[in-house]
Amino acid sequence: MLEDSVYNGIKTATAAKYRREIQRLVKISGDVPVQHVTISQLKELRDNLVTQIKPASVHAVFTPIKGMLGYAMNEQIIETNPMYSVSLPRDKRPLEERKWKKFEPIEASMIYKSIHDAWGSPSPSLTEERRLALLMLVKVLMFSVMRPIKALRLKPSVTCPPKLPSV
């Protein structure tokens with residue numbers, strides 16, 4: 001049955017979210033074996049969701065459903081994955097709008113004050129180069145959609161001015 005899917009090794013909150021999203025499909029298909037989930041039921045769920053939530057959220061709803069169907073396919077419980085025939089809506093918003101959660105001005109001020117309290121003046125425990133790198137790293141992460149690992153891998157280039165204006 002769809003509701004009896006196993007969530008081994010997954011945090012409780014994640015498992016609860018997976019169950020909630022799969023429950024959306026169960027409301028349409030009924031509590032049937034996974035072999036009985038049809039393309040039309042998946043499309044009905046998609047069509048119901050696109051009028052209520054953003055495309056990125058539709059994808060989030062379908063993530064555990066796709067995982068369940070992929071698992072069933074890998075375990076040869078189903079011969080074909082019905083999700084292959086269901087296209088999900090494309091999110092046309094720019095990356096910044098989808099991924100970047102803007103700080104409120106008070107939050108940005110608090111972060112800025114904290115980094116300057118910690119690394120704003122020379123410290124015996126940090127080289128000057130390291131101290132300035134930490135300041136810049138936090139600023140880059142605050143004002144970009146860059147992932148921390150990408151920011152850590154940044155190298156100075158000849159196009160960078162020697163001193164960036166403070167924000």
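Residues numbered from 1 in each chain as written. Predicted model: local features only at pLDDT ≥ 70, side-chain atom pairs only at ≥ 80, totals over all residues. Heavy atoms only, no water.

A look at unusual backbone geometry
As a rule of thumb, non-glycine residues mostly have phi less than zero, and peptide bonds are mostly trans rather than cis. The condition is simple: Each helix is a run of H or I in the DSSP string that is no shorter than four residues. Each strand is a run of E no shorter than two, and both are numbered from the N terminus. Burial classes follow relative accessibility: with a 1.4 Å probe on protein chains only, a residue under 20% of its type's maximum area counts as buried, one over 50% as exposed, and anything between as partly exposed.
Despite not being glycine, Gln76 has its phi angle at roughly 60°, a positive value. Within the element layout of this structure, Gln76 appears in the loop between helix H3 (55-74) and helix H4 (95-99). Of the residues examined, Gln76 reaches a relative accessible area of 71% and is grouped as exposed.

Describing helix H6 (residues 128-142)
So the rule is basically this: Each helix should span, by expectation, one fewer than its residue count multiplied by 1.5 Å. Residue contacts are defined here by distance: any two heavy atoms, one from each residue, within 4.5 Å place the two residues in contact.
A rise of 1.5 Å per residue sets the reference length of H6, with its 15 residues, at 21 Å; its end C-alpha atoms lie 21 Å apart and thus fit the reference within 8%. Within the sequence span of H6, burial applies to Arg131, Leu135, Leu137, Val138, Lys139 and Met142. Close packing links the buried residues of H6 with helix H5 (105-119) and helix H7 (148-152).

Description of the pattern of salt bridges
The condition is simple: Salt bridges are defined as contacts in which a side-chain nitrogen from Lys or Arg sits within 4 Å of a carboxyl oxygen from Asp or Glu.
Applying the stated criterion across every chain yields a total of 5 salt bridges. Ionic pairing is found between Lys113 and Asp117, a salt bridge with its closest N-O pair at 2.8 Å. With Lys113 and Asp117 both in helix H5 and 4 residues apart, this pair spans about one turn of that helix. Each member of the pair, Lys113 together with Asp117, is exposed.

Quick look at the side chain of Lys139
Filter applied, for reference: Counting rule applied: Lys, Arg positive; Asp, Glu negative; His and chain ends not counted.
Counting through the fold element by element, Lys139 comes out in helix H6. Although Lys139 is buried, it forms no salt bridge, and the closest oppositely charged side chain is Glu128 at an N-O distance of 12 Å. Residues in contact with Lys139, not counting those within four places in the same chain, are Tyr112, Ile115 and His116.

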